[in-house]
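# A structural walkthrough
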Amino acid sequence: DNEEIFNHLISPLVSTLRNDFKEKGIVDVNFALLGYGAHEQHWPSVYTFNGEINSFSGSAKNIYFDKEHNITEPKLSDKLQEIKKKLLNEIGLSKTAQAFQMAMNYRFRPEALKTIVGVTASGCDRAVLPFQALRIFGHKLNLLNSGVVVNLVTPLEDLSLDGKDEKAAANVVGFDSDAVYTQSEAKRKVLRGDEEALHTLKYTSDQCIDLTLGTNGAVFSSSNFIKGKPNLRKNFLHVLSNKITDSLMREEQVADCRCDVERGMNVITRCKISARREKEPLARNVKGVKG
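No experiment lies behind these values; they were computed from the predicted model shown. (Residues numbered from 1 in each chain as written. Predicted model: local features only at pLDDT ≥ 70, side-chain atom pairs only at ≥ 80, totals over all residues. Heavy atoms only, no water.)

Where strand β6 (residues 172-175) meets strand β7 (residues 180-182), three bridges bridge the pair, whose relative direction is antiparallel. Following the sheet pairing, F175 is matched in β7 by V180. Taken together, β6 and the strand that follows it, β7, pair antiparallel across an intervening segment of four residues. By the bridge criterion, two bridges tie β6 to strand β9 (residues 219-221) in an arrangement that is antiparallel. By the bridge assignment, G174 is partnered in β9 with F220. (Pairing = 2+ DSSP bridges. Helix = DSSP H or I, 4+ residues; strand = E, 2+ residues; numbered from the N terminus.)

Here we take up the environment of V27. The residue V27 is located in the loop between α1 (2-23) and β1 (33-35) in this model. Along the sequence, V27 and L9 sit 18 residues apart, while their C-alpha atoms lie 21 Å from each other.

Attention shifts here to the packing of α1 against helix α9 (residues 230-249). Between α1 and α9, the shortest axis-to-axis distance is 9 Å and the interhelical angle comes to 50°. The pairing of α1 with α9 is recorded here as oblique in orientation. When the axes of α1 and α9 are compared, the crossing they make is right-handed. Between α1 and α9, the residues in contact are E4, H8, L9, P12, L13, T16, L17, D20 and F21 and R233, F236, L237, H238, L240, S241, N242, I244, T245, L248 and M249, respectively. (Axes fitted to C-alpha atoms, helices over the stretch in contact; angles between N-to-C directions. Parallel < 35°, antiparallel > 145°, perpendicular 65-115°, else oblique. Left-handed = near helix turned anticlockwise from the far one by under 90°. Contact = heavy atoms within 4.5 Å.)

Following the criterion strictly, the structure yields six aromatic pairs and no others. Between Y106 and F108 the ring centres are 4.9 Å apart and the planes differ by 75°, which places this aromatic pair in the edge-to-face class. Here F225 and F236 contribute two aromatic rings whose centre-to-centre distance is 5.3 Å and whose plane-to-plane angle is 65°, an arrangement assigned as edge-to-face. Of this pair, F225 sits in helix α8 (residues 222-227) while F236 is found in helix α9, placing the two residues 11 residues apart along the sequence. The same class applies to F225 as to F236, namely buried. Joined through ring pairs, the aromatic side chains of F6, F49, F56 and F65 make up one cluster. Here the guanidinium or amino end of R233 rests over the ring plane of F225, the centre of that ring lying 4.9 Å away. (Phe/Tyr/Trp six-rings, centres within 6.5 Å; stacked < 30°, edge-to-face > 60°. Buried < 20%, exposed > 50% of the residue type's maximum accessible area, 1.4 Å probe, protein only. Lys NZ or Arg CZ within 6 Å of the ring centre and 35° of its normal.)

Let's shift gears to the state of the cysteines. Should the sulfur atoms of two cysteines be covalently bonded, the bond is a disulfide. With the rule as written, the count across this model stands at two disulfides. Bridging C124 to C208, the disulfide has an S-S length of 1.7 Å. Linking C124 and C208, the disulfide has an S-S dihedral of approximately -85° and is accordingly described as left-handed. Pair noted here: C124 is in the loop between β3 (114-119) and α4 (131-146) and C208 is in helix α7 (residues 207-214), with a separation of 84 residues, a long-range link. By the burial criterion, C124 is buried, and C208 matches it. With its sulfur 2.0 Å from that of its partner, C257 forms a disulfide with C271. (Disulfide = S-S within 2.5 Å.)

To continue, consider unusual backbone geometry. Although it is not a glycine, N50 sits at a positive phi angle of roughly 55°. Tracing the sequence through the fold places N50 in the loop between β2 (45-47) and α2 (76-90). For L156, which is not a glycine, the phi torsion comes out positive at approximately 50°. Within the secondary structure, L156 sits in the loop between β4 (148-154) and β5 (160-161). Under the relative-accessibility criterion, L156 is labelled buried at 9%.

Moving on to the pairing of β3. The alternating pattern of β3 places K114, I116 and G118 on a buried face and T115, V117 and V119 on a face that is not buried. One ladder, built from six bridges, connects β3 with β4; its direction is parallel. Note that in β4 the partner of I116 across the bridge is V150. Read from β3 through α4 to β4, the crossover connection turns out right-handed. (Right-handed = clockwise from strand over helix to strand, strands pointing away.)

This paragraph deals with the nonpolar core. By size, the foremost hydrophobic cluster in this structure holds 33 residues, and its most contacted members are L9, L33 and F56. Only α1, β4 and α9 provide two or more residues apiece to this core. Per element, the largest residue contribution to this core is eight residues, and it comes from α1. Setting aside its immediate chain neighbours within four residues, L9 contacts E4, V153, F225, F236, L237 and L240. Counting 23 residues, the second largest nonpolar core, distinct from the first, contains L152, L161, V172 and L211. (Core = buried A, V, L, I, M, F, W, Y, C linked by side-chain atoms within 4.5 Å.)

Next comes the structure, spelled out in structure tokens:
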């Protein structure tokens, strides 16, 4: 599924985002690509294109997709690795956490619109101890202060809508803290969303979803994309791109920036959002009200 999601959703998303931003007057758009999670991969990878890390154009021939490792008879070493994995998750050093941390440390241009689009093959593991909750809270504050919006593409296998059939749930592209977004919005220039559907939406939340919603980002169901036919996948892509651009352009922000010297030789710019003003939103879809 990872390879299919990359080839049929993430790769075309780059050009679709460029076009959507261009329609809104933004033509200088850069993309960087990080990879993580392979069985023998201990650290995230930063992919370079023509020697640069921010020149991802949608195609990448040097990406390796790991095969799923099914262990039928776990050995002692396998059990120890599983214990290690759980411990690393508790202290925020899982492979997913390391990848998100690297993405959050990316040096965005000071005045740029900033987003991280996370793509996970499965939901993020819940932690038992409270340390992760504190880390997520800290990450939310840092991302909000930096003006970075996190968007997440994740399976959401148990996604459902109370009182609706499976077809209605399969029609869901994604959701944020305000509304649910469906295939029917693919042709709209401005997404409206369905606020009422948000109250009936059911899914298993996790740390990555909490982080995403806490930064005013949106969560998208890769399971619904995988199950969709070509025309539905095209609709999914357009809603995904439109929602990402909308989440970045819904506010006017004022940032205070300063230059710091890192490790005695590198000059970096650090910015903090000092003021926000939400742009006037268009009316959303509310049952019983015509838009």
